[in-house]
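# Working through the structure, step by step
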Amino acid sequence: MVSASNLYSRDLTSLLAALPKSKPNEIDLIAAAYHRAERAHSGQKRKSGEPYFTHCVAVASILAEMKLDAETIAAGLLHDVVEDTDLTITDLRREFGMTIATLVDGATKLKNLPLKNVSPNGDTRRSSAVNREMEYIRKMLLTMGDDVRVVLVKLADRLHNMRTLGYMPREKQRTVALETRDIFAPLANRLGIWQIKWELEDLSFRYLNPEAYRAIAKALDERRDEREAYVRQIKERLFKELRAANINQVTITTRPKHIYSIYSKMTRKDLPLEQIYDIRGMRVLVDNLPECYLALGIVHNLWRPIPGEFDDYIANPKDNFYRSLHTAVHDDAGKTVEVQIRTWEMHEDAEYGIAAHWRYKEGENGHDQAFEQRLAYLRRLMEFGPEVNDASQFVDTVKSEVFQDRVYSVTPNGDIIDLPVGATPIDFAYHIHTDIGNRCRGAKVNGRLVPLNTKLKMGDQVEILTAKRGGPSMDWLNPDLDYAVTNRARSKIRQWLRKQNRDKHIATGRDALERELKRLGVQEKMSYDSVARLVGFDKLDDFLAAIGAGDVTGPQITNRVLEEERRKTAENQTDADLLKPRSKRAGTNTTKGVSIMGAGGLLVNLAGCCAPMPADDIIGYITRGRGVTVHRSDCPNIIALRETERLIEVSWGDAEDEQHYLVPVEVIAYDREGLLREITTIIADQRVNIASVDVTTSQHYARLKLQLEIANNQQLTRILTKLDMLHDVLEARRRYSN
């Protein structure tokens, strides 16, 4: 039987063997870190029962496979000692120097966290564990700009944790997998490390959607022999043609099958597994750039290219610097094959990304130009960091702006502007210059005037039309109108609004508040002072000024007003009203959406007094002859109830059983052709059903009374906001009576 010490010694030997050009001092550094971490973690076990130190060795091995330097590998061995042992950063600084101590510190989670950082607006409901994780991710990403190796250590750590996630409880598996899919896999993608990106995505998918994962894996495995024989046949034919064209140094490999990528394409393109090109794929590696295009011509001459499936990422690299030629072809039998063509240098770059450009050279200064370009790119992406103080908001911004796909638009002078998908001309304007954004009044896309909330597409030429005076509109901050989606633009808009004088803010805020309350149909029921108190302001002028400065938005006001209205309605309900069911989506079974503990087959109604919705805490009330009426747990009628023996435990069912309720809405507009079509299109785009519509016209005016099946408050306010902005619409509001 092999002893643990011998096993670890063999691991250390394999680590050192991964660095054939290492100097004696580098070997000594890795060995010292190995033995220090081994002693520090002595006696600790993982969930699998293995010695904890095996994880440290695995992380260092992943870093060694990426051909990283001795300091990074040493940091990988030591990355958990500060968090899980008695060693401190000061100890590491003394034993291993400032660089390794800094790398370990950047990869160490936060143990203590001030309450003020829990969440925006002092909300302390979020768990401390979630809060620490958000703060740690923020810390790690901001440190990335100083030394990207911090993130490389963390990616290696996360990859090994995902490989061994099966030993964790089911709920922990889903939490870690979701975080990996949303943050760490996109981070690996941004760094260009496809080798880690693909594996993190597949492992996350395995735990988030195990049924789909197993189905695709099984289908791939069942046809593996047939697929491999087919690919081997076409490889031989292609290899022969390439050698005939004097491309002598060529390697053709079978592309690995990434299950999450296949699933994403099946979902996005609505195609069966057999029609996904990735299933049969080859990668052609050649020596130089001219041979890439020569090989492409040979592939297209051999087999018929599929229209729309060719991408030249060499002439137009991806934003993470990925370069390769991608094409898909139909072979002689009509089967589809995907072919990637690149040089060995491009391949190394694609597999290891920014890590491939790390040069650790004793006595030499700096890194290669490609590394510096990548680092500059990452720093530009993280420019918003210091402006976002809350950790959760920071991570949300990273996910929406840094990790999502990019769109490239062009100025009239030919300059390329890099923005996240979904960006608008306003985002474009603020990206160019703050002053251009502030004075933006219109935009032309490809020579045509477009609304300022138009979503830009890849390659659009954008011209911003500016005015000499004026500034941004408060509507640009309304998330329901999608005028500005980047944090940079929204931050600059708020800065401009805050600089205006207080009196102007109050006047602007009063107009906005009046418009919002009128839209909700409660302008005669609620005073401005009461609304201010609902949103957390003691003084009305402070509240109005906050609205005028963009610190309080329409949707925030709407949610608080509707919640208060629901509470007041509950207080005024009679016992007879208590038993009235809430309106439900037409054609749905009344028992769907709610699970009754210990009983089945009962009629279920949702109470009209407190209007419970999914995510509310709920309780059931057994009514005579009417089954179970579901109330919010804090419903005044339930709290005041004396017959507590008629209460029954209930819970919300599946998301697909979501309940809807009828909301009457009124739209007043100038009568014109196409008005009804545009209104119904806006409603349909929000996936809301129209239960009924009544249209009357008089003296060039049109009045539309609609019954909408609404799922939640946010959906209602989003529809009212979009209807109110429609051309020729004078007013769109919630209606309370006929």
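Since we're looking at a predicted model, the values are computed, not measured. The written sequence of each chain sets the order in which its residues are numbered from 1. Note on the predicted model: pLDDT of at least 70 is required for a residue's local features to be given, and 80 or more for side-chain atom pairs to be given and counted; whole-chain, interface and lining totals, by contrast, use all residues. Excluded from the side-chain calculation are hydrogens and water; included are all heavy atoms of the structure.

### Quick notes on the overall build of the protein
Numbered from the N terminus, helices here are DSSP runs of H or I no shorter than four residues, and strands are runs of E no shorter than two. Helix and strand counts for the protein come out as 29 helices and 21 strands. Using a 1.4 Å probe on the protein chains alone, a residue whose accessible area is under 20% of its type maximum counts as buried, one over 50% counts as exposed, and one in between counts as partly exposed. For the protein, the residues scored as buried account for 50% of the 738 residues in total. Here, residues are in contact when the closest pair of their heavy atoms is within 4.5 Å. Of the contacts made within the protein by residues no fewer than 6 positions apart, 67% connect residues no fewer than 24 positions apart. Counting every atom, the protein has about 36,400 Å² of accessible surface; 48% of that belongs to carbon and sulfur. For every accessible area listed, the method is Shrake-Rupley and the probe measures 1.4 Å; residues are considered covered only by the protein chains on display.

### Considering the environment of serine 633
Inspection of the secondary structure assignment puts serine 633 in the loop between β15 (627-632) and α27 (636-639). Sequence separation between serine 633 and isoleucine 618 is 15 residues, and the spatial gap between their C-alpha atoms is 4.7 Å.

### Comments concerning the packing of helix α13 (residues 224-244) against helix α15 (residues 289-302)
Axes here refer to lines fitted to C-alpha atoms; in helices the fit is confined to the stretch in contact. Angles between the N-to-C directions go from 0 to 180 degrees. Their axes nearest at 10 Å, the elements α13 and α15 cross at an angle of 125°. With respect to α15, the axis of α13 lies oblique. Note on packing geometry: the crossing formed by α13 with α15 is right-handed. Along the contact surface, α13 presents Arg237, Leu238, Glu241 and Leu242, while α15 presents Ala295, Ile298, Val299 and Leu302. A per-class count over the contact of α13 with α15 returns 6 nonpolar, no polar and 2 charged. Here the word oblique covers every angle except those under 35 degrees (roughly parallel), over 145 (roughly antiparallel) and from 65 to 115 (roughly perpendicular). If you view the pair so one helix is near and one far, a crossing is left-handed when the near helix is turned anticlockwise from the far one by less than a right angle, and right-handed when it is turned clockwise. When residues are grouped by polarity, Ala, Val, Leu, Ile, Met, Phe, Trp, Tyr, Cys and Pro land in nonpolar, Asp, Glu, Lys and Arg in charged, and all others, Gly among them, in polar.

### Re the side chain of arginine 36
Among the secondary structure elements, arginine 36 is positioned in helix α2 (residues 24-40). Once residues within four sequence positions are removed from consideration, arginine 36 is found in contact with Leu78, Leu87, Glu95 and Phe96.

### Concerning the side chain of serine 324
By secondary structure assignment, the location of serine 324 is in the loop between β4 (311-312) and β5 (325-330). Identification of polar contacts relies on pairs of N or O atoms within 3.5 Å, with a donor-acceptor requirement for protein atoms, meaning one able to donate a hydrogen and the other able to accept it, and with residues adjacent in sequence counted only if both atoms are side-chain atoms. A polar atom in the side chain of serine 324 sits 3.3 Å from the backbone oxygen of isoleucine 341. When residues no more than four places from it in sequence are discounted, the contact partners of serine 324 are Asp311, Asp312, Tyr313, Ile314, Gln340, Ile341 and Arg342.

### Quick look at the nonpolar core
We define a nonpolar core as any set of buried Ala, Val, Leu, Ile, Met, Phe, Trp, Tyr and Cys residues linked to one another through side-chain atoms lying within 4.5 Å. Leu78, Leu92 and Leu155 are the most contacted members of the largest nonpolar core, which totals 62 residues. The contacts of leucine 92, once residues within four sequence positions are left out, are Leu78, Val81, Val82, Leu87, Gly97, Ala101 and Val104. Of all hydrophobic cores here, the second largest spans 42 residues; its members include Ile506, Leu517, Val522 and Ala732.

### Let's talk about the sheet that holds strand β20 (residues 701-710)
Pairing within the open sheet is antiparallel, and its 4 strands lie in the order β19-β20-β18-β21. Sheet topology places β19 (689-698) and β21 (729-734) at the edges, where each strand pairs with a single neighbour. Strand after strand, the sheet turns through a mean of 15° between neighbouring axes, direction not considered. In this analysis, strands are considered paired if DSSP registers two or more bridges between them.

### A closer look at the pattern of salt bridges
For this analysis, a salt bridge means a side-chain nitrogen from Lys or Arg found within 4 Å of a carboxyl oxygen belonging to Asp or Glu. Within this structure, the stated rule accounts for 16 salt bridges. Two residues, arginine 36 and glutamate 95, come together in a salt bridge whose shortest N-O distance is 3.0 Å. Of this pair, arginine 36 sits in helix α2 while glutamate 95 is found in helix α6 (residues 89-96), placing the two residues 59 residues apart along the sequence. Judged by its relative accessible area of 38%, glutamate 95 is partly exposed. Put simply, arginine 163 and glutamate 199 hold a salt bridge, and the shortest N to O gap is 2.8 Å. Within this pair, whereas arginine 163 is found in helix α9 (residues 149-163), its partner glutamate 199 is found in helix α11 (residues 194-208), the two being separated by 36 residues in sequence. Of the residues examined, arginine 163 reaches a relative accessible area of 41% and is grouped as partly exposed. Relative accessible area serves as the criterion here: at 27%, glutamate 199 is assigned to the partly exposed category. Among the charged side chains, a salt-bridge network with shared partners connects Glu666, Arg703, Glu731 and Arg733.

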